[in-house]
Amino acid sequence: MSIQRPTVLILASDPAFSREITANWPQDPAPRSDGLEFIVLDEGFSRGLQGSNYDLAIADASCDEKDNENEKDKGKNKIKRKHLNKRLNKDLKQSLAAAGKPAILIHSDPSLDFYNIHGAVLELRREPGIWPAMAGLAGREILRRCQAESIAREAEKACAAAQAEATLGRFMVEMRTNINNALTTVLGNAELLVLEPGLPATVLAQADTIRNMALRLHEVFQRFSSIEKELHVEARESGKKAIPAAAGR
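Our subject in this report is the structure included herewith.

To continue, consider the overall build of the protein. Scanning the protein from N- to C-terminus turns up five helices and six strands. Going from N to C terminus, the protein has its helices and strands arranged as β-α-β-β-α-β-β-β-α-α-α. Going through the 249 residues of the protein one by one, you find that 28% of them count as buried. In the protein, the proportion of contacts linking residues at least 24 apart, taken out of those at least 6 apart, comes to 69%.

Laid out in structure tokens, this is it:
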């Protein structure tokens, strides 16, 4: 089963946000063998996420104070930033939810809990000093879960296909006697036609073809019988090996 490299989509207009995410991503072995791929886009692209090829989205819905703001500007803009945070949080959450894929939404709204889960979207509050590590740990676990679910789905498909083939095989084995009886009748009548004197050459050729095809089908079903016996022998041998192993535990 091939496992593709997971893609983490970072939606942010602030380059520092993506740098914090990538720099603080857990350094232990990745959930998939060949590592991660990070793609950074402006958060304005969030409306076109449906159908996009990614495994996890991490979006910046925070609006922090500017370092060069004076106290007067900070006071004026505090309420404005609060409303902007809520609107940005709401818009991004709706876009991420519509995409139908796992997502982490980083916000700076102090009125919300440290984390909230809405369907496939995990909201994390931007706590200074710890939010990048928390986002990385949560993202890693989300990717691991997605990988486990993907492997389980593939296993279910393989199991369903094997069960369908097993059902067909059992049907063929169960019908073997009836088909062999029918083939014997066809083969016998074809041989009688071949031996019948005075028949046109075309009829004799057709009867000979029927006889040969009946013989080939008979050989195929004989092979089914041989496979069935081999499987019974293998099952008995496996059972004999399993008994001593269980006794030794």
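Here we come to the sheet that holds strand β4 (residues 103-107). Taken together, the six strands give an open sheet; going across it, the order is β2-β1-β3-β4-β6-β5, and neighbouring strands pair in mixed fashion. What marks the edges here is a single partner per strand, and that holds for β2 (37-41) and β5 (115-118). Adjacent strand axes in the sheet meet at a mean angle of 20 degrees when their direction is disregarded. In this fold helix α1 (residues 15-23) packs onto β1 (7-11), β2, β3 (56-61) and β4, with an angle of close to 150 degrees to the strand it touches most, β1. Each of β1, β3, β4 and β6 (121-125) is contacted by helix α3 (residues 131-174), which is oriented at about 165 degrees to β4, the strand it contacts most.

Per the counting criterion, the structure on display carries six salt bridges. A salt bridge links Glu 141 to Arg 140, with the shortest nitrogen-to-oxygen separation between them at 3.3 Å. The exposure class of Glu 141 is partly exposed, given its relative accessible area of 38%.

Now for the environment of Ile 10. Its location among the elements puts Ile 10 in strand β1. Remark: the alpha-carbon pair of Ile 10 and Ile 58, spanning 48 residues in sequence, is separated by 4.9 Å. Excluding anything up to four places from it in sequence, Ile 10 contacts Phe 17, Ser 18, Ile 21, Thr 22, Phe 38, Ile 39, Val 40, Leu 41 and Ile 58.

Side chains on a regular strand alternate between the two faces of the sheet. Among the five residues of β1, five are classified as buried, and the element is accordingly described as predominantly covered. The side-chain alternation of β1 yields two buried faces, one formed by Thr 7, Leu 9 and Leu 11 and the other by Val 8 and Ile 10.

Counted under the stated rule, the structure contains two aromatic pairs. Where Phe 17 meets Trp 131, the ring centres are 5.1 Å apart and the plane angle is 15 degrees; that geometry is what we call stacked. Taken together, the residues Phe 17 in helix α1 and Trp 131 in helix α3 connect sequence positions 114 residues apart. Between Trp 25 and Phe 38, the ring centres sit 5.5 Å apart and the planes meet at 80 degrees, which makes this aromatic pair edge-to-face. Residue Trp 25 is found in the loop between α1 and β2, and its partner Phe 38 is found in strand β2; the two are separated by 13 residues along the sequence. A residue is classified by how much of its surface remains accessible, and Phe 38, at 28% relative accessible area, is partly exposed. Across the ring face of Tyr 54, the terminal group of Lys 101 is positioned such that the distance to the ring centre comes to 4.7 Å.

The biggest cluster of nonpolar side chains holds 19 residues, and the ones touching the most others in it are Phe 17, Ile 21, Trp 25, Ile 58, Ile 104 and Ile 106. At the level of secondary structure, the elements contributing two or more residues to this core comprise β1, α1, β3, β4, β6 and α3. For this core, the element with the highest residue contribution is α3, accounting for six residues. Ranked by size, the runner-up nonpolar core spans twelve residues in total, among them Tyr 54, Leu 96, Ala 99 and Ala 103.

Reading guide: rules and limits
Residues numbered from 1 in each chain as written. Predicted model: local features only at pLDDT ≥ 70, side-chain atom pairs only at ≥ 80, totals over all residues. Heavy atoms only, no water. Helix = DSSP H or I, 4+ residues; strand = E, 2+ residues; numbered from the N terminus. Buried < 20%, exposed > 50% of the residue type's maximum accessible area, 1.4 Å probe, protein only. Contact = heavy atoms within 4.5 Å. Pairing = 2+ DSSP bridges. Axes fitted to C-alpha atoms, helices over the stretch in contact; angles between N-to-C directions. Salt bridge = Lys/Arg side-chain N within 4 Å of Asp/Glu carboxyl O. Phe/Tyr/Trp six-rings, centres within 6.5 Å; stacked < 30°, edge-to-face > 60°. Lys NZ or Arg CZ within 6 Å of the ring centre and 35° of its normal. Core = buried A, V, L, I, M, F, W, Y, C linked by side-chain atoms within 4.5 Å.

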